[in-house]
Amino acid sequence: QVQLVESGGGLVQAGGSLRLSCAASGSILSINAMGWYRQAPGKQRELVATIISGGSTRYADSVKGRFTISRANGKNTVYLQMNSLKPEDTAVYYCYCNAQTYGSSRYRDYWGQGTQVTVSS
């Protein structure tokens, strides 16, 4: 199995910055992609940013130019640098990874517990 541990959420004023971290551990053979989703109250979970094994990244339109996703070299850790935060960024942020574990022939998604990000106006 795969465990994801997130950190870095909190309360920040509009215009401020936060950095989220997510470390994956367990019987990981290979990771295809890692990234972040978020879910605000009363809304569906939405993709924020993702980075695939080759280094390509993808962002939601609402965060382009403000958020940056990166992955530590040689490590199963992904970061989300969030700048110029807005109140509408307030949500629970969930880390995920698409990984293959030892003994399995398939990739599947794994999820973290979520970390709260609150942006005050």
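Just above sits the structure.
Residues numbered from 1 in each chain as written. Predicted model: local features only at pLDDT ≥ 70, side-chain atom pairs only at ≥ 80, totals over all residues. Heavy atoms only, no water.

**Regarding the state of the cysteines**
Taken as a whole and assessed by the stated rule, the structure comprises one disulfide. Disulfide partner of C22: C95, at an S-S distance of 2.0 Å. One disulfide, between C22 and C95, carries an S-S torsion of -80° and so falls in the left-handed class. In this pair, C22 sits in strand β3 (residues 18-26) while C95 sits in strand β9 (residues 91-101), placing the two residues 73 residues apart along the sequence. Neither C22 nor C95 differs from the other in exposure class; each is buried. (Disulfide = S-S within 2.5 Å. Helix = DSSP H or I, 4+ residues; strand = E, 2+ residues; numbered from the N terminus. Buried < 20%, exposed > 50% of the residue type's maximum accessible area, 1.4 Å probe, protein only.)

**Observations regarding the nonpolar core**
Buried together is how nonpolar side chains tend to be arranged in soluble globular proteins. Membership of the largest hydrophobic core comes to 32 residues, with the highest contact counts inside it found for W36, L80, M82 and Y93. Those elements giving two or more residues to this core turn out to be β1 (2-7), β3, β4 (28-39), β5 (46-52), β7 (67-71), β8 (77-82), β9 and β11 (115-120). Per-element accounting of this core gives the leading share, five residues, to β9. Those residues in contact with M82 that lie beyond four places of it in its chain are G16, S17, L18, L20, R66, F67, Y93 and V117. (Core = buried A, V, L, I, M, F, W, Y, C linked by side-chain atoms within 4.5 Å. Contact = heavy atoms within 4.5 Å.)

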